[in-house]
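Coordinate inspection notes
The primary structure of each chain is shown beneath.
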Amino acid sequence: MDYTQIEKDTFFLVNKLRLEPQSFISPLEKLTQCFKGKTYKIPGTKINIVTAEGVSAVAEAIQFLKVYSGLTNPRPKSHYQN
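Residues numbered from 1 in each chain as written. Predicted model: local features only at pLDDT ≥ 70, side-chain atom pairs only at ≥ 80, totals over all residues. Heavy atoms only, no water.

**Some remarks on the environment of Lys41**
Convention followed: Helix and strand assignments come from DSSP, with helices taken as H or I runs of at least 4 residues and strands as E runs of at least 2, each series counted from the N terminus.
Along the chain, Lys41 turns up in strand E2 (residues 39-41). Spatially, the C-alpha atoms of Lys41 and Leu31 are 9.4 Å apart, while their sequence positions differ by 10 residues.

**Concerning the packing of aromatic side chains**
Here is the rule we go by: Stacked, edge-to-face and tilted labels apply to pairs of Phe, Tyr and Trp rings (six-membered ring for Trp) whose centres lie within 6.5 Å, assigned for plane angles under 30 degrees, over 60, and everything in between, in that order. Throughout this description, buried means an accessible area under 20% of the type-specific maximum (1.4 Å probe, protein chains only), exposed means over 50%, and partly exposed covers the range between.
On inspection of all chains with the given rule, the structure shows two aromatic pairs. Arranged with centres 5.2 Å apart and planes meeting at 20°, the rings of Phe64 and Tyr68 form a pair that is stacked. On the accessibility criterion, Phe64 (47% relative accessible area) is partly exposed. The exposure class of Tyr68 is partly exposed, given its relative accessible area of 28%.

**Things to note about the sheet that holds strand E3 (residues 48-50)**
Test applied: One bridge is not enough; two strands pair if DSSP finds at least two bridges between them.
On the basis of which strands lie adjacent, the open sheet formed by three strands has the order E1-E2-E3 and antiparallel pairing. Among the strands making up the open sheet, the edge pair consists of strand E1 (35-36) and E3. The sheet contact formed by E1 and E2 spans two bridges and is antiparallel. Bridge assignment links Lys36 to a residue of E2, and that residue is Thr39.

Here it is in structure tokens:
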């Protein structure tokens, strides 16, 4: 497993979420279609995951992203170092 690539991918997604939160709305809306109650069916597989909150947590995230404007001026890491 390439942990370096996982780290880079995670970093990229977190920063994209911070800068362009609305870009995550459509994928999350598609995700809601994969729920039956609290069970999430991974598309293209026979895997079902029982979640604690179900689709309501995804719906809550979508509502938040619709009103969150994101960061307009992110500061580089060097700004936080002394």
